[in-house]
Amino acid sequence: MADDESDEEEEAPAVELGEGEPVEGAPLARVASRLNWGMAHSEIVEREGDATIRTPDGPQQLADVMDDVDIPYFESRREFTEAVREVVGTGPIPTADE
């Protein structure tokens, strides 16, 4: 059994990371994980509004995105992330190489 374990450790990672420039901004999930739920719209903007998030259109300030979200209170992290994604969309995040 020890031989099987050592073989697993020597395998290459499942996903290879690129060599290009890092993508600007934080994933929305990371920003959402720093908050406690339920939370008011205004409190999210106050706490994390200056955070830059990654979007398909490039990095954006969370406060600017939240200007287009009409929900006054978020019961859950999921409700928040879905509302933000409705504004910014979903899809690949552009990198400097694209």
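Not measured: the values here are computed from a predicted model.

1. A closer look at the overall build of the protein chain
Here is step 1 of the chain: Of the regular secondary structure elements, the protein chain holds five helices and four strands.
Here is step 2 of the chain: For the protein chain, buried positions account for 24% of its 98 residues.
Here is step 3 of the chain: Long-range contacts, defined as pairs at least 24 residues apart, comprise 57% of the intrachain contacts of the protein chain with a sequence gap of at least 6.
Here is step 4 of the chain: For the protein chain, the computed accessible surface area is about 7,000 Å², with 44% contributed by carbon and sulfur atoms.

2. Details of the nonpolar core
Here is step 1 of the chain: Counting 18 residues, the largest nonpolar core has Ile44, Ile53, Leu62, Met66, Phe74, Phe80 and Val84 as its most contacted members.
Here is step 2 of the chain: In terms of residue count, helix α5 (residues 77-88) provides more of this core than any other element does, four residues in total.
Here is step 3 of the chain: With residues up to four places along the chain from it excluded, the contact list for Met66 reads His41, Ile44, Val45, Phe74, Phe80 and Val84.

3. Describing the packing of aromatic side chains
Here is step 1 of the chain: In this structure the tally under the stated criterion is two aromatic pairs.
Here is step 2 of the chain: Between Phe74 and Phe80 the ring centres are 5.6 Å apart and the planes differ by 85°, which places this aromatic pair in the edge-to-face class.
Here is step 3 of the chain: Its relative accessible area of 0% is what places Phe80 among the buried residues.
Here is step 4 of the chain: In this structure an aromatic cluster arises from ring pairing among Trp37, Phe74 and Phe80.

4. Details of the side chain of His41
Here is step 1 of the chain: Within the secondary structure layout, His41 lies in helix α3 (residues 41-48).
Here is step 2 of the chain: In this structure, His41 is in contact with Met66, Val69, Ile71, Pro72, Tyr73 and Phe74, ignoring residues within four places of it in sequence.

5. A closer look at the pattern of salt bridges
Here is step 1 of the chain: In the structure shown here, the tally under the stated rule is three salt bridges.
Here is step 2 of the chain: When the shortest N-O distance is used, the salt bridge between Glu48 and Arg34 registers 2.9 Å. With Glu48 in helix α3 and Arg34 in the loop between α2 (28-33) and β1 (39-40), this residue pair connects regions lying 14 residues apart in the sequence.
Here is step 3 of the chain: Looking at Arg34, the relative accessible area reads 42%, which means it is partly exposed.
Here is step 4 of the chain: The closest approach of N and O atoms between Arg78 and Glu82, which form a salt bridge, is 2.9 Å. Placement of both Arg78 and Glu82 in helix α5 is noted, with a separation of four residues, approximately one turn of the helix.

Analysis parameters
- Residues numbered from 1 in each chain as written.
- Predicted model: local features only at pLDDT ≥ 70, side-chain atom pairs only at ≥ 80, totals over all residues.
- Heavy atoms only, no water.
- Helix = DSSP H or I, 4+ residues; strand = E, 2+ residues; numbered from the N terminus.
- Buried < 20%, exposed > 50% of the residue type's maximum accessible area, 1.4 Å probe, protein only.
- Contact = heavy atoms within 4.5 Å.
- Areas by Shrake-Rupley, 256 points an atom, 1.4 Å probe, with all protein chains shown as cover.
- Core = buried A, V, L, I, M, F, W, Y, C linked by side-chain atoms within 4.5 Å.
- Phe/Tyr/Trp six-rings, centres within 6.5 Å; stacked < 30°, edge-to-face > 60°.
- Salt bridge = Lys/Arg side-chain N within 4 Å of Asp/Glu carboxyl O.

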